[in-house]
Amino acid sequence: MSDYLLYPGCSMETGARAYYDSLKAISEPLGLNLKEIDDWNCCGATEYFGIRLTPAYALIARNLALAFNQSNGTRSVVAPCSACYLNLEKADYYMREQPKLGRMVNEALATGNLSYVPGSLEIRHLLDVIIYDIGLDVIEKNVVRPLTGLRIAPYLGCMVPRPDYDHRWSDHEYPVELDLLLKALGAEVIDYPLKTECCGGHMTQISPETAFEMIRRLIATADEREADAMVTVCPMCQLNIDGYQGETNRFFGTKYHMPILFFTQLMGLAFGIEPKELGFGLELVSAKNVLDAIGVQAPPETPPAPPRRPRKPEGLPMPAPLINENNIKKALKKEVTK
Amino acid sequence: MTEKVIANASPLDSQERIGVYVCHCGTNIAGVVDVVQVAEWAAKQLKHRGVVIAREYKFMCSSLGQELIEKDIKELGLNRVIVAACSPHLHEKTFRTACANAGLNPFLCEMVSIREQVSWVHTDKAAATAKAKAVISGGVERVRHHVPLEPIVVPINPATMVVGGGIAGIQSALEIADAGFHVYLVEREPSIGGHMAQFDKTFPTLDCAACILTPKMVSVGSHPNITLLTWSEVEKVDGYVGNFTVTVRKKARKIDEELCTGCGICQEKCPRKIIDDVYEAGLGYRKAVYTPFPQAVPNRPVIDVPNCTYYEKGTCKACEIFCAPKAIRFDQQDEILTLEVGNIILATGYDLFDARRVTNYGYGRLPNVFTSLEIERLTNAAGPTNGNIVLRDGKTAPKSVGIVHCVGSRDRNFNNYCSVICCMQSLKFAHLVHERTGATVYNFYIDMRTAFKDYDEFYQRVMEEGTLFVRGKVAEVTNVPRYETEKGKLIIQVEDTLVGKQRRIPVDMVILSTGLEPRKDSKEIAKTFGISCSVNGWFIEKHPKLDPIATMTEGIFIAGCAQGPKDIPSSVAQGAAAAARVLGRIEQKQMALEPVRASVIEEKCSGCRICNGLCPFNAITFHEDRMVTEINPALCQGCGTCVAACPAGAITGTGFSNDQIMAQIEGLMMLNVDQEPVAA
């Protein structure tokens, strides 16, 4: 059992309940022991930074201070929400980088009898923990209902890979962790070039037209590539693409139907867990097609025998991918040391 | 020798008669250190420690400055000289020679660095002046312990080894061989030629690379003075300048080179087709038995063992069946050669930056994104498409092409340095693409760098041909369209910094002008040859301006891209320059080495063997019978590692003995502890 402190964040309890439910459901088969931080508070999302930095950082650092006090043999804090992950990481990093900020934040924390020494915790995103700590081989072993035939667009959003303070990801522009995870579940992963593009964030509140165009691009690209669904790691992305899909369709006169799910939901599905336990049905754009694709799945046919002689290659050969299933850890490590 | 000016004879009346010479170095030293005061102080306050005369002069290294020292040696009978000036790296030789000219043993001259270690690193004038006095005081104490030394003379073996058979190495090898001396040219690949052999045209004159390179390759192959060792790698280097012993692994070609006629039937009959990652840059195929290209030198194939069906399954032998002279040797083993050479030239070249690392440009993901080396192969008439510039489908010619500069160079995420050749290479591609396909060509550049002869004229020519130039670093290459006109295209998203606007430019093909990187194993190579390389991995020259060919290790020279990115003319110039340096050495037939060596005082040696493994030059041997260690003075380079390591103090370094070091420290401390002779 690997032990982690869990910082769920507000959205996991509200808009992204499907994420939380599915995470709880897959924790056991993965051997992931998550201990929720007691008395945590909101990370402040993106808004507070625009007003005053010290209270914004103090709000986040309170969670870090609590986490450190409650850490029992583990230094790792796991955040499943991208905004929470980024904020925790950011607070830890800037308190380290700017000692003055660190002092002011700690002064604020002192009023609540708390303090936090930056760098004493390790802030991780859930996907990072699942890929690099648990590993693709463990995931593959748990798959009892491979997602064969399901075409998925992997979508990370902008906040997980950038800025990558501690070099956790294979790349900032085109990370491959989610792709490899979905492949391990048996799904067909499409090349989704917008995987780290912004979903529009809170632009839906300020300038909806701008947000609709950003959402449309994401949905249209997945649709053109004949994806059955999009899969994300971020509650904000899920909310925008799921919740504003109807409005976007009305605005542009389009008829897109692109369900968006959390990666943990698909993991649960592949692990043979009942859809209801995984929060299926909570989405606004119904993911029934996804379930149908798995449910009506005929027993897997024996794959056709490969042709005896490889066909004459057409055109010019392509270079092999730099990071793949076999070298993902090694490649990342090399990058970091560079 | 007259002894007239002894009015200020030292009170100690010691036998040392020391002259102190303080240099202004223009304003380099005099701007921070009060040199006049320092000289006056030395004359007065160090008199009792043997200083007979102290002078300051504008440029001590000038002939007038040297004459000053020579004159004093002769007239005042100086037997020790202190020059307080720059680092010994720069002018130790100058002043030693001056001393020798005046009849003083050159090793009785000591330099004290008051430029690199004082004036250049301090701004407080009073403190800098005080520090200059302290280091001079240390130097004076040290020089009193100096003894006359004689240089060690070693013979120079006239044979030379050149490592790397690219254009730089070829040039070096030919220059030396033509002068009548023997050269061993070691190349890792099956053929010499290097990267240049992969190119079609060379900038700025657009002459055909093969036409100018292959005659040189043929000359190397047939030269009576060149032993060509291809498919070989250097494993070990022992010895020292003039007398290196190099161990070379000659990998098994699985072909009897004597019997083989180079007819090529084996390649024709081999059933295995493999993507050629080296010569064809991954765009073309070769067989499991192959010569990289038809003009290969030597024209002898190799069998690629990991990909050969015979080694996999034990059957096939198609090549053996068809080989008329029966030259196939499946059981051939690697050969280890031990070669004696006097000098070594390293011309090991570069690797191309791996463009897959810049994921936002999509190389490896978007089929129609190509690297520069791939385009070199596409444009090459002998390449996989016979010189047709086509998209990855192998047939469609592009109608619009975007060339992205500085991929992996001048980028803090990858390499900070400029790769030098990419601007000109991009212009060459622009010209070739335009000429052969009529496509619209865009160049996306940060700065255009077209220095050197006829380069800017070529830039102007390409501009006049209608190539479009956009100044800005490309943010992204994507295949996700936003507008109707972008459908089915690659879209280059770029900030046009001259217009101040974001632009999206749809094109059919993107060429990444990828930068140069040091060889993946350059650090290991540097270690094998005992030279140093920069953080990036480029080999470090002895002096960046005045000695870009030599290294800090005597007898090892560097040429071409191994030292840093450069174009063909510069590589050839360096190759020739390295050869000239080596030829100069060979003609001298022998060489004087610094007599700075370590030696063991046997009575003190306890036989603990701590020093035995530390010597980087393998100069230490242990005598089991007597239980003592001995140092071979010819192999020792005087690095001092063993001297510092010896717990018994049994090892001394000539010129760096414990007495000398302790005396120097005492000299330094005299000023601070006693507070006594501080400035007048």
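Residues numbered from 1 in each chain as written. Chains lettered and ligands numbered in written order. Predicted model: local features only at pLDDT ≥ 70, side-chain atom pairs only at ≥ 80, totals over all residues.

Colleague: Go over the overall build of chain A with me, naming the residues and quoting the values.
Modeller: A tally of helices and strands in chain A yields 15 helices and eight strands. Scaling as 2.2 N^0.38, a compact globule of 338 residues should have a C-alpha radius of gyration of about 20 Å, and chain A matches this with 21 Å. Out of the 338 residues in chain A, the part that is buried amounts to 45%. Restricting the contact set of chain A to residue pairs at least 6 apart, pairs at least 24 apart contribute 81%. (Helix = DSSP H or I, 4+ residues; strand = E, 2+ residues; numbered from the N terminus. Rg over C-alpha atoms; globule rule 2.2 N^0.38 Å. Buried ≥ 20, exposed ≤ 12 C-beta atoms within 10 Å, placed from the backbone. Contact = placed C-beta atoms within 7 Å.)

Colleague: Please provide a residue-by-residue account of the overall build of chain B, values included.
Modeller: Assigned secondary structure in chain B consists of 17 helices and 34 strands. Expressed along its principal axes, the backbone C-alpha trace of chain B runs to roughly 95 × 70 × 45 Å. When contacts within chain B are restricted to residue pairs at least 6 apart in sequence, those whose partners lie at least 24 apart make up 70%.

Colleague: Tell me about the domain arrangement of chain A, and name the residues and values.
Modeller: Along its sequence, chain A is organised into domain 1 (2–126) and domain 2 (144–295). For the side of domain 1 of chain A that touches domain 2 of chain A, the element with the most residues is helix H2 (residues 17–30) of chain A, which contributes nine residues. (Domains from an automatic or database assignment.)

Colleague: Summarise the domain arrangement of chain B; cite the residues concerned and give the values.
Modeller: All names here are of chain B. Here chain B is partitioned into domain 1 (18–150 + 661–674), domain 2 (152–249 + 336–349 + 520–591), domain 3 (252–333), domain 4 (352–517) and domain 5 (597–653). A C-alpha centroid distance of 33 Å is found between domain 2 and domain 4. Between domain 2 and domain 4, the contact holds 11 residues from the first and 21 residues from the second. Here the residues of the side of domain 2 that touches domain 4 sort into five nonpolar, two polar and four charged. (Nonpolar A, V, L, I, M, F, W, Y, C, P; charged D, E, K, R; others polar.)

Colleague: A description of the packing of helix H10 (residues 208–224) of chain A against helix H12 (residues 245–252) of chain A should follow, citing residues and the corresponding values.
Modeller: How two helices sit against one another is set out by the angle between their axes and by the gap between those axes. Residue and element names in this part refer to chain A. H12 packs onto H10 with a crossing angle of 100 degrees between their chain directions and a minimal axis gap of 10 Å. As judged from the angle between their axes, H10 and H12 are roughly perpendicular. Contacts from Phe212, Ile215, Arg216 and Ile219 in H10 reach Gln245, Glu247, Thr248, Phe251 and Phe252 in H12. Looking at the contact of H10 with H12 residue by residue, the class counts come to five nonpolar, two polar and two charged. (Axes fitted to C-alpha atoms, helices over the stretch in contact; angles between N-to-C directions. Parallel < 35°, antiparallel > 145°, perpendicular 65-115°, else oblique.)

Colleague: Can you lay out unusual backbone geometry for me, pointing to particular residues and giving the numbers?
Modeller: The omega torsion of the bond from Phe203 of chain B to Pro204 of chain B falls at -5 degrees, within 30 degrees of zero and hence cis. Tracing the backbone shows Pro204 of chain B in the loop between strand E8 (201–202) and strand E9 (207–208). Cis peptide bonds are those with omega within 30 degrees of zero, and the linkage from Val297 of chain B to Pro298 of chain B qualifies with 0 degrees. Here Pro298 of chain B is to be found in the loop between strand E15 (289–290) and strand E16 (302–303). Despite not being glycine, Asp39 of chain A shows a phi value in the positive range, around 65 degrees. By the element assignment, Asp39 of chain A lies in the loop between strand E2 (32–36) and helix H3 (53–70). With 9 C-beta atoms counted inside 10 Å, the residue Asp39 of chain A sits in the exposed group.

Colleague: Quick one: what's the story with the sheet that holds strand E3 (residues 80–85) of chain B, residue by residue and with numbers?
Modeller: Residues and elements named next belong to chain B. The strand order across the open sheet formed by four strands is E2-E1-E3-E4, and the pairing between neighbours is parallel. Unpaired on one side and paired on the other, strand E2 (51–57) and strand E4 (109–113) mark the two borders of the sheet. Pairwise comparison of adjacent strand axes, ignoring direction, gives a mean angle of 15 degrees for this sheet. Judged from the six bridges that link them, strand E1 (residues 18–23) and E2 form a sheet pairing that is parallel. By the bridge assignment, Cys23 is partnered in E2 with Tyr57. Contacts between helix H1 (residues 35–45) and the sheet are confined to E1 and E2, with E2 contributing the most and set at about 170 degrees to the helix. Running at roughly 155 degrees to E3, helix H5 (residues 125–143) makes contact with E1, E2, E3 and E4 of the sheet. (Pairing = 2+ DSSP bridges.)

Colleague: Which residues make up the environment of Leu337 of chain B, and what values do they have?
Modeller: Residues and elements named next belong to chain B. Among the secondary structure elements, Leu337 is positioned in strand E17 (residues 335–341). For Leu337, a count of 15 C-beta atoms within 10 Å corresponds to the partly exposed category. Each C-alpha atom, one on Leu337 and one on Val510, is 46 Å from the other, the two residues being 173 residues apart in sequence. With near-sequence residues (within four places) excluded, Leu337 lies in contact with Val248 and Lys250.

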